[in-house]
Amino acid sequence: MTDDDQLRRLLSDAVSDIEPQDRIAEIRASVHPDPQVVPMARPRPWLYALGGAVASAAVIGVIAYATDALSGTDDHASDLGAGQGPGPRSSAPVATATATDSEATPSSPSTSSAPVTTGAQAFAVYYVGADAAGKPVLYREFHRGPRLQTADPGGNGNDVLTEAVHDALATSPLDPDYRTPWADLATLDHASYTTTGGGHTLQIALRNTGIAQRPTSMTAAEARAAVQQLVYTAQAAIGKREPVVFTVGRRAHGPTTLLGVDITQPLSNGPVMRTLSLVNISSPNEGDTVSGPLTVTGVNNSFEGNSVIYLQRHGKRYLVTPATGGQGGNKLYPWTVTLDTSGVAPGEYTLVAENDDASGQGHPDSDTRTIEVR
Amino acid sequence: MPGVTNGWSADEALEVLYVAHWRRLVRLAVMLLHDQGAAEEVVQDSFVAMHSKWGRLHDPDKALAYLRQSVVNRSRSHLRHLAVVRRHAEREGAPPDEAGADHTTYDVERRGTVLDALRGLPRRQREVLALRYYLDLSEAEIADVLGISRGAVKSHASRGAAALRAVLGPMLEETR
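Notes on the structure in this doc start here. (Residues numbered from 1 in each chain as written. Chains lettered and ligands numbered in written order. Predicted model: local features only at pLDDT ≥ 70, side-chain atom pairs only at ≥ 80, totals over all residues. Heavy atoms only, no water.)

## Focus on the overall build of chain A
Working step 1: Broken down by element type, chain A carries 9 helices and 15 strands.
Working step 2: Residues classed as buried in chain A amount to 53% of the 374 residues present.
Working step 3: Within chain A, counting contacts between residues at least 6 apart in sequence, those at least 24 apart form 68% of the total.
Working step 4: Here chain A has roughly 15,200 Å² of accessible surface; of this, 53% comes from carbon and sulfur atoms. (Helix = DSSP H or I, 4+ residues; strand = E, 2+ residues; numbered from the N terminus. Buried < 20%, exposed > 50% of the residue type's maximum accessible area, 1.4 Å probe, protein only. Contact = heavy atoms within 4.5 Å. Areas by Shrake-Rupley, 256 points an atom, 1.4 Å probe, with all protein chains shown as cover.)

Below you can see the structure in the form of structure tokens.
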């Protein structure tokens, strides 16, 4: 018997008495959760009934709300929330007619100032993913809420703020390509946006005190991305580039760092071009079921503003469609395209948005969603 | 759910791969984590992730490769998390875990010794050894799973095997 065989035998023997519990039932429940119980985990039932155009309309409606809330802020703000301009940019008459029609409702002032009455508000949550070079960057996806049913007397969007920051910390992203580095590290004590004296304070209070220092296994870049994940999510929730006051633990004089990042001063959002993915799909969501004309919306900052949008299956590309966002500046630019999914066979596809590969290196930035075409 | 037009649907793939690989992948995760409950969690999450990725994988071999990679990556994240929790506990003055007192039989002792020896290795060496000697993967397959070069696989394997032999020497003699 060779040494290798001996090691093989010892290792197999070492776990031979491990008999795992059967978890297929839990796994089945996770991949097909009851939408009443976990409203944001998978496509909503009405999406199955009504199809892709309506799904896009719902998200675009919320995007319009987020963008409205930002008017009058600085020039970075157009990527906040989503920075979508669904109407005039579109070259997609069929689907965007629906989108434009329904955008009016959620973007109207009465709805945006009373988020709890709608029962199903979407909001932006940022997660950590990797860019083409493998660096940690933030991607945004839209979740729906509120699950927290408290009223917001101040009208400052604190319910959405709390829910969004909570999701960024503790809820798995819909897109498995993203992650939250906070999972199990910290929980949210509270998030608030208050007016004090002449100024505003955007605050995130975290509960665990073991997060002052960055774990040795986490790189400094990952730690910065993790903190920026919360900054961007909170700013999107209130619709303003307000610096974030972080506190850690319950004591008055808690740690002065968070994962090694100095929090003695309020933290501003990092530069868009170095912090966010340079291409990001806004709609549809991961797992959506679509049919007919599918409006795909997103943001980019890319060579001459060019991205290409397509469906992929079995290594083949379908419905390859160019999209134009923008280039330059410290911001992301909205794009919209329509793919006529009636032209492909039903089934699961990967929807890909890929920036123009100006370098020719073959590794352009991209974002993907798994969708089902009916 | 409407099936894909060619081959398995995501649901079918999940069922088939679960039956074929659930136990083996949990055992792999036990080698990496030394904790069966956590190992089951990690593999469960990996199956859920594989299901949502099926549209892109669409091939049982690719799905299995994805599962392996996911189990290794999630095990690694879990260990990182444990390190954070442990540092926190130390700062708070929590008592360390008691060593298990139920290791009575010789078999159990031997298995525990092997798992402890694995746990004592640097993370990469442990991953390479588990993939090589337990899953019987080739150097190229291990390189794919871990995202490192074949040369790195070779060097982690030889260093890890040497370290393991040094610790488990008497046992290796016995099995000759």
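## So, the sheet that holds strand β10 (residues 293-300) of chain A
All names here are of chain A.
Working step 1: Ordered by their spatial adjacency, 3 strands build an open sheet running β8-β10-β13, and the pairing between neighbours is antiparallel. Because the sheet does not close on itself, it has two edges, and the strands there are β8 (279-283) and β13 (333-340). Direction aside, the axes of adjacent strands within the sheet are offset by 30 degrees on average. (Pairing = 2+ DSSP bridges. Axes fitted to C-alpha atoms, helices over the stretch in contact; angles between N-to-C directions.)

## A look at the packing of helix α1 (residues 10-33) of chain B against helix α2 (residues 36-57) of chain B
Residues and elements named next belong to chain B.
Working step 1: In contact at an axis separation of 8 Å, α1 and α2 are set at 145 degrees when each is read in the N-to-C sense. Crossing handedness for the pair α1 and α2: right-handed.
Working step 2: Across the contact of α1 with α2, the residue classes break down as 18 nonpolar, 4 polar and 2 charged. (Left-handed = near helix turned anticlockwise from the far one by under 90°. Nonpolar A, V, L, I, M, F, W, Y, C, P; charged D, E, K, R; others polar.)

## Here we look at helix α5 (residues 123-134) of chain B
Residues and elements named next belong to chain B.
Working step 1: Here α5 spans 16 Å end to end across 12 residues, near enough to the 16 Å set by a 1.5 Å rise per residue.
Working step 2: Most of α5 sits inside the fold, with 9 of its 12 residues counted as buried.
Working step 3: Note on α5: the residue one or two positions beyond its end, D136, has a positive phi of about 60 degrees. (Expected span 1.5 Å × (residues − 1).)

## A short note on the sheet that holds strand β12 (residues 316-324) of chain A
Working step 1: Within the open sheet, the 5 strands sit side by side as β9-β15-β14-β11-β12 (chain A). Their pairing is mixed. Only two strands of the sheet have a single neighbouring strand rather than two, namely β9 (289-290) and β12 of chain A.
Working step 2: Looking at chain direction, strand β11 (residues 306-313) of chain A and β12(A) are connected through 7 bridges and run antiparallel. Residue pairing in the sheet places V308(A) in a bridge with P322(A) of β12(A).
Working step 3: Contacts between α2(B) and the sheet are confined to β14 (347-355) and β15 (366-373) of chain A, with β14(A) contributing the most and set at about 75 degrees to the helix.

## With respect to the interface of chain A and chain B
Note: interface size is frequently given as the accessible area lost on complex formation between the parts.
Working step 1: At the interface, 51 residues of chain A touch 57 residues of chain B.
Working step 2: Between chain A and chain B the total buried area reaches about 5,200 Å² when both faces are included, carbon and sulfur atoms providing 55% of it.
Working step 3: Where chain A meets chain B, there are 13 salt bridges.
Working step 4: Among the ionic pairs, D13(A) bridges to R110(B), the shortest N-O distance being 2.9 Å.
Working step 5: Viewed at the interface, chain B and chain A are joined by 30 residue pairs in polar contact (both at pLDDT 80 or more).
Working step 6: Contributing elements (two or more residues each) for the side of chain A that touches chain B: α1 (3-14), α2 (24-31), β14 and β15 of chain A.
Working step 7: Tallying contributions element by element places α1(A) first for the side of chain A that touches chain B, with 11 residues. (Buried area = accessible area lost by both parts, 1.4 Å probe. Salt bridge = Lys/Arg side-chain N within 4 Å of Asp/Glu carboxyl O. Polar contact = N/O pair within 3.5 Å; in protein donor to acceptor, adjacent residues only side chain to side chain.)

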